[in-house]
Amino acid sequence: MILEDIEGGLRTDELLDRRLRTLSRGIRPWTGAWNNALDHRTGLGTGLLALACAALFVRAVATASPTLLWLFAGLWVVTAVCVLRLLCRWGEAKAVTAMARRRERPEPPVPGSATAGQ
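A brief structural summary. (Residues numbered from 1 in each chain as written. Predicted model: local features only at pLDDT ≥ 70, side-chain atom pairs only at ≥ 80, totals over all residues. Heavy atoms only, no water.)

### Remarks on the overall build of the chain
Working step 1: Across its full length, the chain holds four helices and zero strands.
Working step 2: The proportion of buried residues among the 118 residues of the chain is 9%.
Working step 3: The contacts of the chain with a sequence gap of at least 6 include a subset with a gap of at least 24, amounting to 53%. (Helix = DSSP H or I, 4+ residues; strand = E, 2+ residues; numbered from the N terminus. Buried < 20%, exposed > 50% of the residue type's maximum accessible area, 1.4 Å probe, protein only. Contact = heavy atoms within 4.5 Å.)

Here it is in C-alpha cells:
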C-alpha cells in the first residue's frame, strides 16, 4: 500500500521521468566512455590510413611498381572497411537519437476522437 503510493508519485514526476530517459545509452547498455574513446581512435586511425593510402597511390602511379600497386590495393580495402564501420556507427547513433526524440513528442490527437475537440 505504501509502496504503491510512492510508485504512483514517482510515475507522475515528469522531471524524474525526463532525467531517467536521458540516462539511457541506446540499444546496447554497455556502451559508455570507453566505447567513445574507441570511436575516436577508429576515426583517427581511419584518417591516417586514408593519408597512407593516398601517399601509396601517388607513389605507385609515379613508379608503376606492381608491389606498390598491390600494397595500395590492400590498404585501400582496409581503409574502406574502416570508413564503412564509422558510417554504420554514425547511422546507428542517429537512429537512436531519432527514436528518443520520437518517444518524447506527444502524439497528436486523432481527428474524430472524443478528446480532439477539447
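### Some details on unusual backbone geometry
Working step 1: In the Ramachandran plot, Ala64 falls in the positive-phi region, its phi being about 55° despite a non-glycine side chain.
Working step 2: Topologically, Ala64 is positioned in the loop between helix 3 (33–63) and helix 4 (66–104).
Working step 3: We classify Ala64 as exposed; its relative accessible area is 58%.

### Section: the side chain of Thr42
Working step 1: Along the polypeptide, Thr42 turns up in helix 3.
Working step 2: For Thr42, a relative accessible area of 16% corresponds to the buried category.
Working step 3: Excluding its chain neighbours within four sequence positions, the residues that come into contact with Thr42 are Arg85 and Leu86.

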